[in-house]
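Breakdown of the fold
Below, each chain spelled out in residue letters.
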Amino acid sequence: MKMVFILSDALRHDYLQYMPFLQAMTEECPYYKKVIPGLGFCEISEYVSGRTSLDTGNIFQVTFSGKFGKTHLHDLTMANKIVNKIPRVRRYSARLLDRYLQKYDGSLFEHDMLRVRYNIPLSMLSFFIPTESKLKYDAPEFFPATNLFHILQKAGLSYDIQDFVEHNKIKGTDDERLARLRTKIEAKNLKDFTLLYIGFGEIAHATGTRSASFHSKLTSYDGTLKNLYALLKKNYGEDFRFVILGDHGMVDVEKYIDITELIEQMKDKFHLTVGEDFVYFIDSTAFRVWLRDQRFLSECNAMIQERLATDLDEVDLGRADNFYGDLIYILRPGRVFFPDFFNVYKNKGMHGYTNKIDEQKGMCLILGDQRHAVHEELELHCAHQLILEQFGLSFA
């Protein structure tokens, strides 16, 4: 059997109303109405390891290196901030900047941070390290006890992840990756397991989930999936599985919160210097702080709690707390921090909130499996077991 597994990033469960082919297939194959992601932004770790984000410890994409010190590259930071506001220039300057930063490899910051530098101020780049994206997902060190690819390999099964994510990078566009998949199917050249990343659902970051243009993109994507399914049937008969997994959903943004003024107030009140005394990271939906002198924790927490009183959610990060921040604040759904360390422009849609709300949930269909069944929910990490079961395998 050949399995094509499309990780359809941010394909929210209710988007099927714009996708007539997938909607029809919910009546014919195993269908999981709502996929529940773990907390945070490290979904890949979940279905590759078969463990929740709290269990793996991979919650945020970036964290503090644990090394306080002086900030660097101040002039370059200011220049980059200006250039980022010019779209046509930013496209090329980012590549030039990466090449320039290579010369500091290992001296000011980890080389791996260039893959996930996003909109992090260059002056603070040296304080951070990547988490989930540091290793290749089939590397021997990446959750070796339960790694999906290791299990497949030990069972003598081949896999193809060339059009998946590697070190937070993806080759080509969604359409290009789907075209390469089509070529492999036509040539009957599929590996036993093919994992593909498709990010059409991520368009809602820029458009919001209610946009007619976004809905049109989903309908077009649905047509492509229908054609690929027909091609799989033609070339592989009944000996295939075509899995569509939406790993999480998307929430429309209602409120933008600027935390930078509060940071300046904390610096002034406690006479703190960024880098030497404290480090902070502004995620889209979270604010994290590390302090050299723990005596300031209580007072800093009081200031932040007062500023964000009505905007904070109560989320238990368990044992991952200390690793990701001395102080960690997660926003309620519909709120985002802006400016932040990821985005140049304001997002209209965002995820990374509590997984208890429906808007945060994805979906899953296993096309080619004739055993029709409808399931209300599936925890994202359990997709790992779904894949293995289709091959008659288990990691338990």
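Our structure is the block above this text.
Residues numbered from 1 in each chain as written. Predicted model: local features only at pLDDT ≥ 70, side-chain atom pairs only at ≥ 80, totals over all residues. Heavy atoms only, no water.

Describing the pairing of strand 16 (residues 362-367)
Buried residues dominate strand 16, accounting for six of its six residues. Burial along strand 16 is two-sided: Gly362, Cys364 and Ile366 facing one way and Met363, Leu365 and Leu367 facing the other are all buried. Pairing of strand 7 (residues 240-246) with strand 16 involves five bridges; the strand directions are antiparallel. Opposite Gly246, over in strand 16, you have Met363 as the bridge partner. (Buried < 20%, exposed > 50% of the residue type's maximum accessible area, 1.4 Å probe, protein only. Helix = DSSP H or I, 4+ residues; strand = E, 2+ residues; numbered from the N terminus. Pairing = 2+ DSSP bridges.)

Description of the sheet that holds strand 10 (residues 278-282)
Pairing is antiparallel across the open sheet formed by four strands, whose spatial order is 10-11-13-12. Each of the sheet's edge strands pairs with one partner strand only, and the pair in question is strand 10 and strand 12 (312-313). Across the face of the sheet, helix 11 (residues 297-307) comes into contact with strand 11 (286-291), strand 12 and strand 13 (327-331) while running at roughly 15 degrees to strand 13. (Contact = heavy atoms within 4.5 Å. Axes fitted to C-alpha atoms, helices over the stretch in contact; angles between N-to-C directions.)

Points about the packing of aromatic side chains
Within a pair of aromatic rings, the relevant descriptors are the distance that separates the centres and the angle that separates the planes. Inspection of every chain in the model, using the stated rule, returns 26 aromatic pairs. Consider the rings of Phe5 and Phe193, whose centres lie 6.1 Å apart with planes at 50 degrees: the pair is tilted. A residue pair is termed long-range when its members are at least 10 positions apart, and Phe5 in strand 1 (residues 2-8) and Phe193 in strand 6 (residues 193-198) qualify at 188 residues. With a relative accessible area of 2%, Phe5 lands in the buried category. Judged by relative accessible area, which is 1%, Phe193 ranks as buried. Centroid distance Phe278 to Tyr280: 5.9 Å. Interplanar angle 25 degrees. Geometry classified as stacked. (Phe/Tyr/Trp six-rings, centres within 6.5 Å; stacked < 30°, edge-to-face > 60°.)

Concerning the layout of surface pockets
The gaps left among the atoms become clear once a water-sized probe is rolled over them. If you add up the space inside the second largest pocket, you get close to 830 Å³. Residue lining of the second largest pocket: 27 residues in total, with Thr77, Lys81, Pro121, Tyr280 and Phe341 positioned closest to the centre. Of all elements in the fold, only helix 4 (74-83), helix 10 (260-270) and strand 10 reach the threshold of two or more residues within the lining of the second largest pocket. Counting residues per element, the lining of the second largest pocket draws most heavily on helix 4, which supplies five residues. A per-class count over the lining of the second largest pocket returns 13 nonpolar, nine polar and five charged. (1 Å grid on protein atoms, 1.4 Å probe; cavity = no way out; pocket = protein on both sides within 12 Å on 5 of 7 lines; lining within 4 Å. Points joined across faces, edges and corners; volume = space filled by probe spheres on them. Nonpolar A, V, L, I, M, F, W, Y, C, P; charged D, E, K, R; others polar.)

Considerations on the environment of Ile259
By secondary structure assignment, the location of Ile259 is in the loop between strand 9 (255-257) and helix 10. By relative accessible area, Ile259 is classed as buried at 0%. Sequence spacing of Ile259 and Ser65 is 194 residues, and the spatial spacing of their C-alpha atoms is 22 Å. When residues no more than four places from it in sequence are discounted, the contact partners of Ile259 are Ile282, Phe287, Arg307, Leu308 and Phe337.

Regarding empty space enclosed by the protein
A complete count under the given rule lists four cavities of 30 Å³ or more for this structure. Each pocket or cavity is described by its volume, and for the largest cavity that value is around 60 Å³. Lining of the largest cavity is provided by 13 residues; of these, Leu39, Gly40, Phe60, Ile330 and Gly352 occupy positions nearest its centre. Class assignment of the residues belonging to the lining of the largest cavity gives a composition of nine nonpolar, four polar and no charged. One number sums up the size of the second largest cavity: a volume of about 40 Å³. As for the second largest cavity, its lining consists of Met3, Phe5, Val243, Cys364, Ile366, Ala383, Leu386 and Ile387. The set of elements that each furnish at least two residues to the lining of the second largest cavity consists of strand 1, strand 16 and helix 13 (383-390). Ranked by residue count, the leading element in the lining of the second largest cavity is helix 13, at three residues.

Looking at the pattern of salt bridges
In total, this model carries 22 salt bridges according to the counting rule given. Via salt bridges that share partners, Lys34, Asp358, Lys361 and Glu377 belong to a single interconnected network. (Salt bridge = Lys/Arg side-chain N within 4 Å of Asp/Glu carboxyl O.)

Comments concerning the environment of Gln294
If you trace the backbone, Gln294 turns up in the loop between strand 11 and helix 11. Each C-alpha atom of the pair Gln294 and Tyr197 lies 42 Å from the other, and the pair is 97 residues apart in sequence. A polar side-chain atom of Gln294 sits 2.7 Å from the main-chain carbonyl oxygen of Leu291. Within polar-contact distance, the side chain of Gln294 engages the side chain of Asp326 at 3.3 Å. (Polar contact = N/O pair within 3.5 Å; in protein donor to acceptor, adjacent residues only side chain to side chain.)

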